[in-house]
Amino acid sequence: MAVSLAAVTMAAAASPDSPADDGGISAGELTAMFQRYGDTSGTWLGADRTASVPLPDGRTLWLFSDTFLGKPSADGSRPRTSALIHNAAIIQTGTELGPLHAGGTPEGPTSLVPTDTDDEFHWVGDAAVTGGTAQVLVNRYRRTGAGPLDHKLTGTGLATFELPDLTPGTIRELPLGTRISWGSEVMPDGDWTYVYGTEAAGDMKFAHLARVYGTDLTHSWEFWTGSGWSTAEAESARLLSGVGTNYGVRRVGSHYVLVTHENNLTFSADFVAYTAKSPAGPFGGPHYLFSAPEVRAGHIVYDADLHLDLARKGRLLISYNVNDLDEAVTYADASIYRPRFVEVEWPPAGSSARRPAAPQGLTAFADRAGTADLAWQPVHGNGITYRVYRRDVTDGQTHFVRLPGEGPGPATSFRSDFLVNGHDYEFAVTTVAGYKESALSAIATMRATVPPPSAPTGVRAESQPDGRVTVHWDPIPFVQLFKVFGRDLTAEQKQASSAGAYPGLSATIGPLRHGHRYDITVVAVGGGGDSTPSQPVHIMATVAEPPAPGRPTAEAQADGSIHLAWQQVAPEIGYRIYRRDLTRGETWWGPPGLAMGTAFDTGPLTHGHEYEFAVAAVNDGGESPWSPTATAQANVAAPDEVPARLKAEAGPGFVKLTWQSTGSAWYWLFRRDVAAGEREFVREEVPVQGTRATVHNLIDGHVYELQVAEFSGGDVGPRSKAVKVRLPALMPTRIAAHSDTVGAATVTWQENRGGLMYRIQLRDANAAEDWHTDPFPVYGNRFETSKLTSGHRYEFRLVLPDESVSPIAATTVK
């Protein structure tokens, strides 16, 4: 497990105007380019992730995850009204960044790759370009709490964008699980495209590898198992530990170089490289590249990426992201949350100087304070200092990590902290003489004994005007994560509920209920588990009444609705939309519509009427003054689409119709009775909703033609092609009479409609009788009678419920 140093050129030391005489763009130029864009674009304030994708026409696609929108205030701060979306893109041409690509509208921007529900979001991975399409891997997460770390991976998708305009296409769910977030890096290499991913397992993150033949990520994936390739993702093996959620991998010369933020430690300032002879490793290293200066200013850094297509010759061009655990800091300075770029000479310059000897006699002992006491024998020489390396065996850490800070210096003992109770650790020490570092010493092992941390002290809370509460607490040795809990005293809440887990020494929770009193407690999370809760601090949440929105825009839509839009007055706020009909002379305002965004659609209104609108912002503190009013006239465009596939199914006295929707909700039906000689179609009295209808009160046996047409408030659309249908006749057929028994007769018939009641009329033709009706009604298709005169001819006929009379059937009685 060799550890090495690499020569480094920091972006901070490079001039933004330094010439790129050996091709590419300097790190200083890129850092300055994004700083200018954040200050002047008016749309993009800052973001993280920072993946670059070379496009076929020479441009560069930049992909971002969490992105703040808007422009900085005059003092350089990020306005609290800045909208946050979870992914976005920018295309770079030459040294200029183009417009921001996001979803939604300028008044209500949304993520470029949306989700179906508000409790989920996409963070972008890397992308591949195939056949004029950019394929972007996106990882979907669900919020599991209120804290910044409270989210869970729920799947991986592939979002497509058509080039050259980056026109959004489809979002396809990939058949992948939730153990690995894929897309940390997408690396075309030879006949294959390699896709790297990250598995988060407790406090450790591990790299994984998949591949696709060709460049189309929709093709079948194979996963590296540690010894070969498998189509089963469950068999994917860990390559190495200590990677970020995103990292860069590229082939440089004869080796593959993986660059990552050092994640074997929490909140490290270091960025390291690993090298291998194949995409799947094994990876040697780490090679320490540089330490980000922003950490010395109290910020955090994370997520490295490689940009070799933009790099100057002989250099690795690396980006990383910057943020702060205290959101007040990043709001006070909008320039913090923007990418930084660094150039590193590669391959590292070698040296023929002899390396110093490694220390001997290293020992490691656990103390009951949660630290490890290390000691070793001195190495003789001038200016000798030492560095300490550690590996968490229990967590599966694959490579030793250099412990941060100044280390032991010239001392031959050291105390290692931030250990986890019950974990087995390996330690090693190196000797540093000038610019040379020895190999690792012999390894010392130890099992940590870490007690739970003490309860946080110094807990204090400040109420913010938006209903949120900022909680601060004092530092606790060896603790970097805290849980915050709140209990609503006003609502008589019995048990405190979680307000999230937070790194650092502060958290902003909420928004909470206006005027409610809360108990806030904090729990420290250390290597020995959770502390007991702190003493509660009492706070009353306050929500200031929001400011009035500006005048909305009002645009009439073809369906008779009016679309309203306005500028956001604050994040996470609702709006009430008031309306009145000026054409009707309304002087009052009706019940308001509600919107959680900055746009509202009224739904269809009365054609030709003019309406007046006002918007008010509303939060827990109350309703703002109304905006200036806006007016618009509702106009319903006359339909122009003809309903198709009209089908008719006849029944007794009715016809059932179906047709293909034109997108309209309402339709008129038209009919004419061809059998009755009608020339004009007659419109039904009542319109129908949907694409099914039944026309009643038709005459059995008649032929009808029917049509359908959509209608709106504007007019009636063109009619469909007529469909012709014949209703079944009501009158039975095949009426017959016969006599098989002396003095009796039987009458039969074929029914055209079941369930009818018949009255039977009969007469003795030989006796010249008048017709008389049998006293008993008949159902079905058969009638029998007796006590008739033998040898006489009898006639029979059926009387239907509509009093129509059938043809006569006759027989001579035996």
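The rules behind each value
Residues numbered from 1 in each chain as written. Predicted model: local features only at pLDDT ≥ 70, side-chain atom pairs only at ≥ 80, totals over all residues. Heavy atoms only, no water. Helix = DSSP H or I, 4+ residues; strand = E, 2+ residues; numbered from the N terminus. Rg over C-alpha atoms; globule rule 2.2 N^0.38 Å. Buried < 20%, exposed > 50% of the residue type's maximum accessible area, 1.4 Å probe, protein only. Contact = heavy atoms within 4.5 Å. Areas by Shrake-Rupley, 256 points an atom, 1.4 Å probe, with all protein chains shown as cover. Lys, Arg positive; Asp, Glu negative; His and termini not counted. Charge placed at Lys NZ, Arg CZ, Asp CG, Glu CD. Pairing = 2+ DSSP bridges. Axes fitted to C-alpha atoms, helices over the stretch in contact; angles between N-to-C directions. Salt bridge = Lys/Arg side-chain N within 4 Å of Asp/Glu carboxyl O. Expected span 1.5 Å × (residues − 1). Phe/Tyr/Trp six-rings, centres within 6.5 Å; stacked < 30°, edge-to-face > 60°.

### Re the overall build of the protein chain
Counting its regular elements, the protein chain contains 2 helices and 67 strands. In terms of overall dimensions, the protein chain is more spread out than a globule: its C-alpha atoms have a radius of gyration of 40 Å, far above the 28 Å expected for 814 residues. Based on the C-alpha atoms only, the size of the protein chain along its principal axes is roughly 150 × 70 × 65 Å. Looking at the protein chain as a whole, 49% of its 814 residues qualify as buried. Of the contacts made within the protein chain by residues no fewer than 6 positions apart, 60% connect residues no fewer than 24 positions apart. With an accessible surface of roughly 37,400 Å², the protein chain has 50% of that area assigned to carbon and sulfur atoms. Each charge sign in the protein chain was given a centre, from 67 positive and 90 negative side chains, and these centres are 4 Å apart.

### Things to note about the sheet that holds strand 40 (residues 506–509)
Spatial ordering of the open sheet is given by 36-37-40, a layout of 3 strands whose pairing is antiparallel. At either margin of the open sheet sits one strand with a lone partner, and together these are strand 36 (460–463) and strand 40. Along the sheet, successive strands turn relative to each other by an average axial angle of 20 degrees, direction set aside. Taken together, the 4 bridges between strand 36 and strand 37 (residues 469–472) define a ladder with antiparallel strand orientation. For serine 463, the partnering residue across the bridge sits in strand 37 and is valine 469.

### Some points on the sheet that holds strand 52 (residues 644–651)
Within the open sheet, the 3 strands sit side by side as 52-53-57. Their pairing is antiparallel. If you trace the sheet from one side to the other, it starts and ends with strand 52 and strand 57 (692–695), each paired once. Strand after strand, the sheet turns through a mean of 20 degrees between neighbouring axes, direction not considered. The pairing of strand 53 (residues 654–660) with strand 57 spans 4 bridges and is classified as antiparallel. Bridging across to strand 57, threonine 658 finds its partner in arginine 692.

### Points about the environment of alanine 632
Inspection of the secondary structure puts alanine 632 in strand 51 (residues 630–633). Separated by 69 residues in sequence, alanine 632 and histidine 563 place their C-alpha atoms 9.5 Å apart. With residues near it in sequence (within four places) discarded, alanine 632 still touches Ala554, Ile562, His609, Glu610 and Tyr611.

### Section: the pattern of salt bridges
Under the criterion given, the structure shown has 35 salt bridges. Salt-bridge contacts for arginine 387 lead to glutamate 437; the nearest nitrogen and oxygen are separated by 3.1 Å. Within this pair, whereas arginine 387 is found in strand 30 (residues 385–392), its partner glutamate 437 is found in strand 34 (residues 436–437), the two being separated by 50 residues in sequence. The exposure class assigned to glutamate 437 is buried, which follows from its relative accessible area of 7%. Arginine 460 is paired through a salt bridge with aspartate 474; the nearest N and O atoms lie 3.5 Å apart. You can see arginine 460 sitting in strand 36 and its partner aspartate 474 sitting in the loop between strand 37 and strand 38 (481–488), a full 14 residues away along the chain. Classification of arginine 460 as partly exposed rests on a relative accessible area of 40%. Aspartate 474 sits in the partly exposed class, given a relative accessible area of 30%. Connected via shared salt-bridge partners are Asp119, Glu120, Arg140, Arg142 and Glu173.

### Structural notes on helix 1 (residues 27–40)
Between its terminal C-alpha atoms helix 1 stretches 20 Å, which fits the 20 Å expected from 14 residues at 1.5 Å a residue. Taken together, the buried positions of helix 1 are Ala27, Gly28, Leu30, Thr31, Ala32, Met33, Phe34, Gln35, Tyr37 and Gly38. Backbone geometry just downstream of helix 1 places glycine 42 in the positive-phi region, at approximately 80 degrees.

### Some points on unusual backbone geometry
Each neighbour pair has its own omega, and for glycine 285 with proline 286 the value is 5 degrees, a cis peptide bond. By the element assignment, proline 286 lies in strand 24 (residues 284–291). In this chain, tryptophan 346 is followed by proline 347 through a cis amide linkage whose omega measures 0 degrees. Here proline 347 is to be found in the loop between strand 27 (340–345) and strand 28 (360–366). Although it is not a glycine, leucine 166 sits at a positive phi angle of roughly 60 degrees. Within the secondary structure, leucine 166 sits in the loop between strand 14 (151–162) and strand 15 (167–173). Backbone geometry places phenylalanine 418, a non-glycine residue, at a positive phi of 55 degrees. Inspection of the secondary structure assignment puts phenylalanine 418 in the loop between strand 32 (413–416) and strand 33 (424–433).

### Quick word on the side chain of histidine 122
Its place among the elements puts histidine 122 in strand 12 (residues 120–130). Ignoring sequence-local partners within four residues, the contact set of histidine 122 consists of His86, Asn87, Val113, Pro114, Thr115, Val138, Asn139 and Arg140.

### A look at the packing of aromatic side chains
As enumerated under the stated definition, the model contains 32 aromatic pairs in all. Centre to centre, the rings of tyrosine 196 and tyrosine 247 are 6.2 Å apart; their planes meet at 75 degrees, and the pair counts as edge-to-face. Placement of tyrosine 196 in strand 17 (residues 192–201) and of tyrosine 247 in the loop between strand 20 (229–230) and strand 21 (248–252) is noted, with a sequence separation of 51 residues between them. Overall, tyrosine 196 belongs to the buried group, its relative accessible area being 0%. With centroids separated by 6.3 Å and ring planes inclined at 40 degrees, the aromatic side chains of tryptophan 221 and phenylalanine 223 adopt a geometry described as tilted.

### Let's talk about the environment of leucine 30
Inspection of the secondary structure assignment puts leucine 30 in helix 1. Here leucine 30 falls in the buried class, since its relative accessible area comes to 0%. With 311 residues separating them along the chain, leucine 30 and phenylalanine 341 place their C-alpha atoms 6.6 Å apart. With residues near it in sequence (within four places) discarded, leucine 30 still touches Ile25, Trp62, Gln92, Leu317 and Phe341.

### What to know about the pairing of strand 17
Summarising burial for strand 17: 7 of the 10 residues are buried, a large majority. When strand 16 (residues 180–189) meets strand 17, the two strands line up antiparallel, connected through 8 bridges. Paired with isoleucine 180 across the bridge in strand 17 is glutamate 199. Counting the residues in the hairpin turn of strand 16 and strand 17 gives 2 residues, including glycine 190, whose phi is positive at 65 degrees. As paired elements, strand 17 and strand 18 (residues 204–213) share 10 bridges and run antiparallel to each other. Across the sheet, residue glycine 197 finds its bridge partner in strand 18, namely histidine 208. Counted along the chain from strand 17 to the antiparallel partner strand 18, the turn is 2 residues long, and its residue glycine 202 has a positive phi close to 65 degrees.

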